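Remarks on the overall topology
Residues per chain, in single letters:
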Amino acid sequence: MITLPPDYRPSDDEEFMNPVQSEYFRVKLLRWRADLLKEADGTLASLSEGGIHEADITDRATVETDRALELRTRDRARKLIAKIGLALLRIENGSYGFCEETGEPIGLKRLEARPIATLSIEAQERHERMEKVHRDD
């Protein structure tokens, strides 16, 4: 078990994905997942309060639209939680932080911004270009 210093930030001066960096990202991912689950519990509580009791049809439509938006947001969060779980598994097996296509380090700045990243910036850009070329218009 590794204890992180309170002010620790990964640095390019250290070995990439050393145990301290891995622990830093593991804690970051666990906190992110906990926050998402907490938000989901709040959504579930608000949705389970019952039906729509607005008498005015416009107010009712607004409430229904808000609920639909909240459900879409929760669905995105559910998918994100799954990706966080996969990232945590990659930390456990030692593949976290390395591009799935090239095997090269993804980079600390990218992982700070998007801790669930599986591709380096270059590989992600190639992937997006290929997607754009091959999508059906």
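Heads up: the structure comes first, above all this text.
Here we summarise the structure given alongside this text. (Residues numbered from 1 in each chain as written. Predicted model: local features only at pLDDT ≥ 70, side-chain atom pairs only at ≥ 80, totals over all residues. Heavy atoms only, no water.)

The subject of this paragraph is the overall build of the chain. Of regular secondary structure, the chain possesses four helices and zero strands. When the helices and strands of the chain are listed from N to C terminus, the series reads α-α-α-α. Each of the 137 residues in the chain was classed as buried or not, and the buried ones make up 26%. Surface exposure of the chain reaches about 9800 Å², of which carbon and sulfur atoms provide 53%. (Helix = DSSP H or I, 4+ residues; strand = E, 2+ residues; numbered from the N terminus. Buried < 20%, exposed > 50% of the residue type's maximum accessible area, 1.4 Å probe, protein only. Areas by Shrake-Rupley, 256 points an atom, 1.4 Å probe, with all protein chains shown as cover.)

Taken as a whole and assessed by the stated rule, the structure comprises four aromatic pairs. Judged by centre distance (5.1 Å) and plane angle (85°), the rings of Tyr24 and Phe25 are edge-to-face. As far as burial versus exposure is concerned, Tyr24 and Phe25 are alike and both buried. Seen in terms of ring centroids, Phe25 and Tyr96 are 5.7 Å apart; in terms of plane orientation they differ by 45°. Their pairing is tilted. One end of the pair, Phe25, is in helix α1 (residues 19-47); the other, Tyr96, is in the loop between α2 (57-93) and α3 (108-113), with 71 residues separating them in the sequence. (Phe/Tyr/Trp six-rings, centres within 6.5 Å; stacked < 30°, edge-to-face > 60°.)

Quick look at the nonpolar core now. Counting residues in hydrophobic clusters, the biggest one holds 22 residues, and the most contacted among them are Phe25, Leu29, Ile84, Tyr96 and Leu111. Elements represented by at least two residues in this core include exactly α1, α2 and α3. Excluding its chain neighbours within four sequence positions, the residues that come into contact with Tyr96 are Met17, Phe25, Leu29, Ala87, Arg90, Ile91, Leu111 and Pro115. (Core = buried A, V, L, I, M, F, W, Y, C linked by side-chain atoms within 4.5 Å. Contact = heavy atoms within 4.5 Å.)

To continue, consider the pattern of salt bridges. For the coordinates displayed, the defined rule picks out six salt bridges. With its nearest N and O atoms 3.5 Å apart, the salt bridge here joins Arg74 to Glu39. Remark: Glu39 occurs in helix α1 and Arg74 occurs in helix α2; sequence separation between them is 35 residues. Judged by its relative accessible area of 15%, Arg74 is buried. Close ionic contact of Arg126 with Glu101 constitutes a salt bridge, the shortest N to O distance being 3.6 Å. With Arg126 in helix α4 (residues 121-134) and Glu101 in the loop between α2 and α3, this pair connects stretches of sequence that are 25 residues apart. Put simply, Asp75, Arg78 and Lys79 are held in one network by salt bridges that share partners. (Salt bridge = Lys/Arg side-chain N within 4 Å of Asp/Glu carboxyl O.)

Residues Glu122, Glu125, Glu128 and Glu131 make up a contiguous surface patch of negative charge. Structurally, the position occupied by Glu131 is in helix α4. Since its relative accessible area comes to 48%, Glu131 is described here as partly exposed. (Patch = residues over 30% accessible without salt bridge, like charges linked within 9 Å, V, L, I, M, F, W, Y side chains within 5 Å. Lys, Arg positive; Asp, Glu negative; His and termini not counted. Charge placed at Lys NZ, Arg CZ, Asp CG, Glu CD.)

Okay, α2 next. In a regular helix each residue adds 1.5 Å, so 37 residues correspond to 54 Å; α2 covers 54 Å between its end C-alpha atoms and thus fits that length. Three or more residues of α2 are buried, namely Arg74, Ala77, Leu80, Ile81, Ile84, Gly85, Ala87, Leu88, Arg90 and Ile91. Phi turns positive one or two residues past the end of α2, at Gly94, with a value near 85°. (Expected span 1.5 Å × (residues − 1).)

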